[in-house]
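An overview of the molecular structure
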Amino acid sequence: MKHAYQFDWAKQLPSTKFLKECRNENFYDLKEKIQESGMSIGFTGIQANKDYMFISVNNENTLIWDGRQSVLIHNTYDSERNFHFPNIALSGGCSDENIGFYNADILCQQKKQLPTRSQTFNRIVQSIKEEDNPVLYRFIFKKDLINHISMKYKLK
């Protein structure tokens, strides 16, 4: 089998010994312990469609690959507001879109920094309370997404 992409981890993955020592901890406590120790929790989400593969890495970055080239971005970033959307979840989609969610408490904490390009989005964000259910989103991707991102953020 020939691999098409190799990802070099910036952080060390937990050893088998470490994981065996922590085998009785619940998932969320273990995840926190791994991150606090400076190690990586690895791939935390993956989605593929006919155009792209999206891989969430360590819940901090998203790798976007189109089969020829790739770009690694720190979650979803809005350069006009210097704002990173937190906790992107690659939870489903089709060839030109991604459907996911943001936790209401995170959106509430960031209300003043969120973009206001859409009146509907602005109305939702301003009316949300921390104890509300997560807010679903739908991103529609541009064709040639990797080149758009690379040019916008001067990555090449």
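This text gives an overview of the structure that appears in the document. Given the structure is predicted, the values throughout are model-derived calculations rather than measurements.

The final tally for this structure, using the stated rule, is three salt bridges. Lys33 serves as the salt-bridge partner of Glu25, at 2.9 Å between the closest nitrogen and oxygen. A relative accessible area of 31% places Glu25 in the partly exposed class. Note that Lys143 is salt-bridged to Asp51, the shortest N-O span being 3.1 Å. Here the residue Lys143 occupies a position in the loop between β9 (135–140) and α5 (145–152), and Asp51 occupies one in the loop between β1 (43–48) and β2 (53–57), the gap between them amounting to 92 residues.

Okay, the pairing of strand β3 (residues 61–65) next. Across the five residues of β3, five count as buried, placing the element largely inside the fold. In β3, alternate side chains face the same way, and those of Asn61, Leu63 and Trp65 on one face and Thr62 and Ile64 on the other are all buried. In this sheet, β3 lies alongside β2 in antiparallel orientation, the contact comprising five bridges. From the neighbouring strand, Phe54 faces β3, where its bridge partner is Ile64. With antiparallel pairing between neighbouring strands as the criterion, β2 and β3 make up a hairpin whose turn holds three residues, including Asn58 at a positive phi of roughly 60°. Across four bridges, β3 lies against strand β4 (residues 70–73) in antiparallel orientation. Bridging from a neighbouring strand, Thr62 pairs with Ile73 of β4. Between β3 and β4, which pair antiparallel one after the other, the connecting turn spans four residues, and Gly67 there sits at a positive phi close to 95°.

In this section: helix α2 (residues 27–36). Because each turn of an α-helix spans 3.6 residues, side chains separated by three or four positions end up pointing in the same direction. A distance of 2.9 Å separates the backbone nitrogen of Tyr28 from a side-chain oxygen at the start of α2, and that oxygen is part of Asn26. Phi turns positive, to about 85°, at Gly38, one or two residues after α2.

Bringing the packing of aromatic side chains into the picture now. Using the criterion set out here, one finds two aromatic pairs in the structure. Ring plane angle 85° and centroid distance 5.1 Å describe the contact between Phe27 and Tyr28, whose orientation is recorded as edge-to-face. Judged by its relative accessible area of 61%, Tyr28 falls in the exposed class.

All right, on to the pairing of β2 then. Of all five residues in β2, four are buried, a share of seventy percent or more. Here five bridges tie β1 to β2, and the two strands are oriented antiparallel to one another. Its bridge partner being in β2, Ala48 is matched across the sheet by Met53. The loop that links β1 with its antiparallel partner β2 comprises four residues.

What counts, and where the lines are drawn
- Residues numbered from 1 in each chain as written.
- Predicted model: local features only at pLDDT ≥ 70, side-chain atom pairs only at ≥ 80, totals over all residues.
- Heavy atoms only, no water.
- Salt bridge = Lys/Arg side-chain N within 4 Å of Asp/Glu carboxyl O.
- Buried < 20%, exposed > 50% of the residue type's maximum accessible area, 1.4 Å probe, protein only.
- Helix = DSSP H or I, 4+ residues; strand = E, 2+ residues; numbered from the N terminus.
- Pairing = 2+ DSSP bridges.
- Polar contact = N/O pair within 3.5 Å; in protein donor to acceptor, adjacent residues only side chain to side chain.
- Phe/Tyr/Trp six-rings, centres within 6.5 Å; stacked < 30°, edge-to-face > 60°.

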